[in-house]
Amino acid sequence: MRRKNLYYAQLGKAIKLARSSIFEYKRISLILLDNIVENLLITQNSIKLHHLLVMGNLERTEYEKIISSFNRFEKIIQQSANLEIITVSEKNIFDYCHKARNNLYHNLFADTRVTDFCIIYYCNFLENNFNNYIEIGITSYSESESKSTNEILKVEKINSLEGILINIKEFNNSQKDLSQKILADIIEDYILQIADTMENETFETYDILNSTAKDFYNDYFRNTKYNGLNPSGFIKQWYSINERKIVEIKHEIAEIRNSKMEMAFDKFHTLMLKTEPTYIGLMLYYSNEEYLASLNED
């Protein structure tokens, strides 16, 4: 019961904060939701792994090795996919959202749209899975735990803890189809900035634009592991953008808006790795130009 109280109290607070128009509150909401998902997945993994151990399908040394690795989120979601608790697509999106959460937690900064996307995705996942997940393994009960439950009901202004699930469903209904729009808007902003740079004749050709952006990007991240403004992963090969590719990317942006969530995210992730480095390079270039201009003013 105590763990159930913790989950419901945390979820209730996360939903309230998610409804806020103030980013600083949404930041806390994502941190809370990420923690709920992480702990629910640990519980599900532990139950399934223990069953495999008891049935003789898993060696104790391997069981203990896996359990001890659950202090790392990437190990939790990888094992969750291995045990088919979540799909591979869900694993990829969880990884993305957890990196976004880490940016918020450690750096106090992130693209607000990424935070919105991750909150919506986690809330949809929890609406579909929360009730089934928390019932497993919760057996303890005491007078103090019952008192906590009653206090949570008063704070949340509901008649039962399950009323919080009604609140999360209402929140999800209010955000319907917004996830794909957020992802598409992020890529579209990058492409519009790159296209505007050429229209404003900042560079004579796209080759010069790409070369300049690449130089500034590489110089800045020379000794830094790449996570990006939106934590997409590592850059394996520089993608040179030109007029033809911009037309193709705009077509894919339209597909993101009209695709199902998992497919939309796959397209978004692919485009992010292609477009974000050029965008970052350009922003670094403009920042440098502004700095040089300020020196001349002095």
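Residues numbered from 1 in each chain as written. Predicted model: local features only at pLDDT ≥ 70, side-chain atom pairs only at ≥ 80, totals over all residues. Heavy atoms only, no water.

(A) Fine view of the overall build of the chain. When helices and strands are tallied, the chain shows 12 helices and zero strands. Secondary structure elements of the chain, listed N to C terminal, follow the sequence α-α-α-α-α-α-α-α-α-α-α-α. Counting the 298 residues in the chain, one finds 47% classified as buried. As presented, the chain carries roughly 16300 Å² of accessible surface, and 48% of it is formed by carbon and sulfur atoms. (Helix = DSSP H or I, 4+ residues; strand = E, 2+ residues; numbered from the N terminus. Buried < 20%, exposed > 50% of the residue type's maximum accessible area, 1.4 Å probe, protein only. Areas by Shrake-Rupley, 256 points an atom, 1.4 Å probe, with all protein chains shown as cover.)

(B) How the structure looks around the pattern of salt bridges. Counted under the stated rule, the structure contains 12 salt bridges. As a salt-bridge pair, K26 and D116 come within 3.0 Å of each other at their nearest N and O atoms. Within this pair, whereas K26 is found in helix α2 (residues 23-54), its partner D116 is found in helix α6 (residues 112-135), the two being separated by 90 residues in sequence. In this structure, E64 and R60 form a salt bridge, with 3.7 Å as the shortest nitrogen-oxygen distance. Remark: R60 and E64 occur in helix α3 (residues 60-68); sequence separation between them is four residues, near one turn of the helix. The exposure class assigned to E64 is partly exposed, which follows from its relative accessible area of 44%. Judged by its relative accessible area of 48%, R60 falls in the partly exposed class. Three or more residues are tied together by salt bridges with common partners; here these are K181, D185, E188 and R257. (Salt bridge = Lys/Arg side-chain N within 4 Å of Asp/Glu carboxyl O.)

(C) Geometry of the packing of aromatic side chains. Applying the stated criterion across every chain, the model contains 16 aromatic pairs. Where F265 meets F268, the ring centres are 6.0 Å apart and the plane angle is 45°; that geometry is what we call tilted. In this pair, F265 and F268 both sit in helix α12 (residues 261-297), three residues apart, roughly one turn of the helix. Taken together, the ring pairs in this structure connect F94, Y96, F117, Y121, Y122, F125, F265 and F268 into an aromatic cluster. Lying over the aromatic face of Y239, K245 brings its terminal NZ or CZ to 4.4 Å of the ring centre. (Phe/Tyr/Trp six-rings, centres within 6.5 Å; stacked < 30°, edge-to-face > 60°. Lys NZ or Arg CZ within 6 Å of the ring centre and 35° of its normal.)

(D) Spatial organisation of a nonpolar patch on the surface. A grouping of I22, Y25 and I28 is seen on the molecular surface, where their side chains present a nonpolar patch of about 260 Å² in accessible area. Along the chain, I28 turns up in helix α2. (Patch = residues over 30% accessible without salt bridge, like charges linked within 9 Å, V, L, I, M, F, W, Y side chains within 5 Å.)

(E) Spotlight on the confidence of the model for the chain. Mean pLDDT for the chain: 87, with 89% of residues reaching 70 or above. Model confidence for the chain, summarised as mean pLDDT per element, is weakest for helix α7 (residues 143-156) at 74 and strongest for helix α11 (residues 243-258) at 96. (pLDDT = per-residue confidence, 0-100.)

(F) Representation of the environment of S294. When you line up the elements, S294 lands in helix α12. Engagement of the side chain of S294 in a polar contact is seen with the backbone oxygen of Y291, the distance being 2.5 Å. (Polar contact = N/O pair within 3.5 Å; in protein donor to acceptor, adjacent residues only side chain to side chain.)

(G) Main features of the nonpolar core. Within the largest apolar cluster, 88 residues are counted, with the highest numbers of intra-cluster contacts made by L11, L41, F94, F117, L126, F130 and F268. Ranked by the residues each element gives to this core, the list is headed by α6, at 13 residues. Residues in contact with L126, not counting those within four places in the same chain, are L11, L33, I36, V37, L40 and I168. (Core = buried A, V, L, I, M, F, W, Y, C linked by side-chain atoms within 4.5 Å. Contact = heavy atoms within 4.5 Å.)

(H) How the structure looks around unusual backbone geometry. Phi at E84 takes a positive value of approximately 60°, unusual for a residue other than glycine. Assignment of secondary structure puts E84 in the loop between α4 (73-82) and α5 (88-107). For E84, a relative accessible area of 68% puts it in the exposed group. Even without a glycine there, the phi angle at E201 is positive, about 60°.

(I) Local environment of the packing of helix α1 (residues 2-18) against α2. Running from amino to carboxyl end, α1 crosses α2 at an angle of 150°, the nearest separation of the two axes being 8 Å. With respect to their mutual orientation, α1 and α2 come out roughly antiparallel. When the axes of α1 and α2 are compared, the crossing they make is left-handed. Within the contact between the two elements, α1 uses R3, Y7, Q10, L11, K13, A14, L17 and A18 and α2 uses Y25, K26, I28, S29, L32, L33, N35, I36, N39, L40 and T43. Residue classes in the contact of α1 with α2 are distributed as 11 nonpolar, five polar and three charged. (Axes fitted to C-alpha atoms, helices over the stretch in contact; angles between N-to-C directions. Parallel < 35°, antiparallel > 145°, perpendicular 65-115°, else oblique. Left-handed = near helix turned anticlockwise from the far one by under 90°. Nonpolar A, V, L, I, M, F, W, Y, C, P; charged D, E, K, R; others polar.)

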